[in-house]
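# Survey of secondary and tertiary structure
Each chain, letter by letter, is given below.
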Amino acid sequence: MTFTNTGTTAARSGTVSFATHIIGALGVDWATITTSQPLPAPLAGGASKTQAYTVCVESWRVPLGMHVDTRKVTATWS
């Protein structure tokens, strides 16, 4: 993911949250697991940084025939 600070002052810290959905074989959304990670900081005003994240879900939450789908990502800078 690429994060861009559109402001003029540096962002010193923050978190990114992932809403990962557990989807059944018939397309039913069984659960949503939210996880958070730190953002790549500091980030100067007008600058961009790219960061890769791995989203993990316990195997017992995803039985055979089901899959995961991360549908919402939210970044909060401070």
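Quick caveat: nothing in here was measured; it's all calculated off a predicted structure. (Residues numbered from 1 in each chain as written. Predicted model: local features only at pLDDT ≥ 70, side-chain atom pairs only at ≥ 80, totals over all residues. Heavy atoms only, no water.)

## What about the environment of Gly-24?
You can see Gly-24 is positioned in the loop between β2 (14-23) and β3 (29-38). You can call Gly-24 buried: its relative accessible area is 6%. Along the chain, Gly-24 and Ser-13 lie eleven residues apart, while their C-alpha atoms are 36 Å from each other. Residues contacting Gly-24, with those up to four places away along its chain left out, are Trp-30, Gly-65, Met-66 and His-67. (Helix = DSSP H or I, 4+ residues; strand = E, 2+ residues; numbered from the N terminus. Buried < 20%, exposed > 50% of the residue type's maximum accessible area, 1.4 Å probe, protein only. Contact = heavy atoms within 4.5 Å.)

## Digging into the pairing of β3
In this structure, β2 lies alongside β3, joined through nine bridges in antiparallel fashion. Bridging across to β3, His-21 finds its partner in Thr-32. Between β2 and β3, which pair antiparallel and follow one another directly, the connecting turn spans five residues, one of which, Gly-27, has a positive phi of 90°. (Pairing = 2+ DSSP bridges.)

## Some thoughts on the packing of aromatic side chains
Summed over the entire model, instances satisfying the criterion amount to three aromatic pairs. With 6.3 Å between their ring centres and 85° between their planes, Phe-3 and Tyr-53 make a pair best called edge-to-face. Of the two residues, Phe-3 sits in strand β1 (residues 2-4) while Tyr-53 sits in the loop between β4 (48-50) and β5 (67-77), which places them 50 residues apart along the sequence. With centroids separated by 6.3 Å and ring planes inclined at 80°, the aromatic side chains of Phe-3 and Trp-77 adopt a geometry described as edge-to-face. Taken together, the residues span a long stretch of sequence, with Phe-3 in strand β1 and Trp-77 in strand β5 at a distance of 74 residues. Relative accessible area serves as the criterion here: at 29%, Trp-77 is assigned to the partly exposed category. (Phe/Tyr/Trp six-rings, centres within 6.5 Å; stacked < 30°, edge-to-face > 60°.)

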